[in-house]
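The residues making up each chain are set out below.
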Amino acid sequence: MQTAHMQGAAALSSGQALRIRFAANESKLPTSAETDLKALTSRLEQDSSARLQLMAYASGSAETASRARRTSLARALAVRSFLIDQGVRSTRIDVRALGTNTDGGPSDRVDVNVVKR
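Residues numbered from 1 in each chain as written. Predicted model: local features only at pLDDT ≥ 70, side-chain atom pairs only at ≥ 80, totals over all residues. Heavy atoms only, no water.

Pulling in residues and values, what's your account of the overall build of the protein?
Along its length, the protein carries 2 helices and 5 strands. Of the regular secondary structure in the protein, the N- to C-terminal order runs β-β-α-β-α-β-β. Of all 117 residues assigned to the protein, the portion counted as buried reaches 38%. When contacts within the protein are restricted to residue pairs at least 6 apart in sequence, long-range pairs at least 24 apart make up 76% of them. (Helix = DSSP H or I, 4+ residues; strand = E, 2+ residues; numbered from the N terminus. Buried < 20%, exposed > 50% of the residue type's maximum accessible area, 1.4 Å probe, protein only. Contact = heavy atoms within 4.5 Å.)

Any chance you could break down the packing of aromatic side chains for me, citing the residues and the numbers?
In total, this model carries 0 aromatic pairs according to the counting rule given. Seen from the ring of Tyr 57, Arg 109 lies directly overhead, with NZ or CZ sitting 3.9 Å from the centre. (Phe/Tyr/Trp six-rings, centres within 6.5 Å; stacked < 30°, edge-to-face > 60°. Lys NZ or Arg CZ within 6 Å of the ring centre and 35° of its normal.)

Before we move on, can you summarise helix H2 (residues 65-85) with the specific residues and values?
Between its first and last C-alpha, H2 extends 30 Å over 21 residues, near the 30 Å set by a 1.5 Å rise per residue. Inspection of H2 places Ala 68, Thr 71, Ser 72, Arg 75, Ala 76, Val 79, Phe 82 and Leu 83 among the buried residues, and these make up the whole buried set. In a view along the axis of H2, the buried residues occupy a sector of 135°, so they form one face of it. Turned more than 90 degrees from where H2 packs its buried face, Arg 70 and Asp 85 sit exposed. (Expected span 1.5 Å × (residues − 1). Arc of directions from axis to C-beta.)

Report on the pattern of salt bridges, specifying residues and quantitative values.
Close approach of charged atoms lets side chains of opposite charge pair. Under the definition given, this model contains 5 salt bridges. Between Lys 116 and Asp 47 there is a salt bridge whose closest N-O contact spans 2.2 Å. You can see Lys 116 sitting in strand E5 (residues 109-116) and its partner Asp 47 sitting in the loop between helix H1 (34-45) and strand E3 (50-57), a full 69 residues away along the chain. (Salt bridge = Lys/Arg side-chain N within 4 Å of Asp/Glu carboxyl O.)

Pulling in residues and values, what's your account of the environment of Ile 20?
When you line up the elements, Ile 20 lands in strand E2 (residues 15-21). For Ile 20, a relative accessible area of 0% gives the class buried.

Give a description of the confidence of the model for the protein that names residues and reports values.
Looking at the protein as a whole, its pLDDT mean stands at 88, while 90% of the residues score no less than 70. Looking over the protein, one finds the lowest element-wise mean pLDDT in strand E1 (residues 4-6), namely 44, and the highest in strand E4 (residues 93-97), namely 97. (pLDDT = per-residue confidence, 0-100.)

So what about the environment of Gly 87? Which residues, and what values?
Within the secondary structure, Gly 87 sits in the loop between H2 and E4. By relative accessible area, Gly 87 is classed as exposed at 57%. Residues Gly 87 and Thr 41, spaced 46 residues apart in sequence, show a C-alpha to C-alpha distance of 7.8 Å.

Could you give an account of the nonpolar core, with specific residues and numbers?
Burial of nonpolar side chains together is a common tendency in soluble globular proteins. Of all hydrophobic cores here, the largest spans 22 residues; its most connected members are Ile 20, Leu 29, Leu 37, Leu 54, Val 79, Leu 83 and Val 112. Broken down by secondary-structure element, the contributors of at least two residues to this core are E2, H1, E3, H2 and E5. (Core = buried A, V, L, I, M, F, W, Y, C linked by side-chain atoms within 4.5 Å.)

Just give me the short version of the side chain of Arg 51, but keep the residues and values in it.
Within the secondary structure layout, Arg 51 lies in strand E3. A polar atom in the side chain of Arg 51 sits 2.4 Å from the backbone oxygen of Thr 91. Not counting the four nearest positions on each side in its chain, Arg 51 is found in contact with Thr 91, Arg 92, Ile 93, Asp 94, Asn 113, Val 114, Val 115 and Arg 117. (Polar contact = N/O pair within 3.5 Å; in protein donor to acceptor, adjacent residues only side chain to side chain.)

Written as structure tokens, this is what we have:
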């Protein structure tokens, strides 16, 4: 399932702003996420104190944990590249590749969190 969900449309506040779901073993940014990422970018331009933290996850087992971590990193970098292409400075984006450590959420995703300085 490849969906994205934007929460709120007003000023940016700290916390999860967007969740991007990826198909299993897929690291290409789903086109369904591009609209929400563009909207987030526009909101980010209005708030110079906000940073983005990309928390990336991938499904896997103990035996495939290394591959899951690499997949999660590739997903985070795909989101980061898109954001940079939209004009977000790389210094405002933090990447966390967490592999199979999903915190109880869906396995194949990148959570885009807003962090205030």
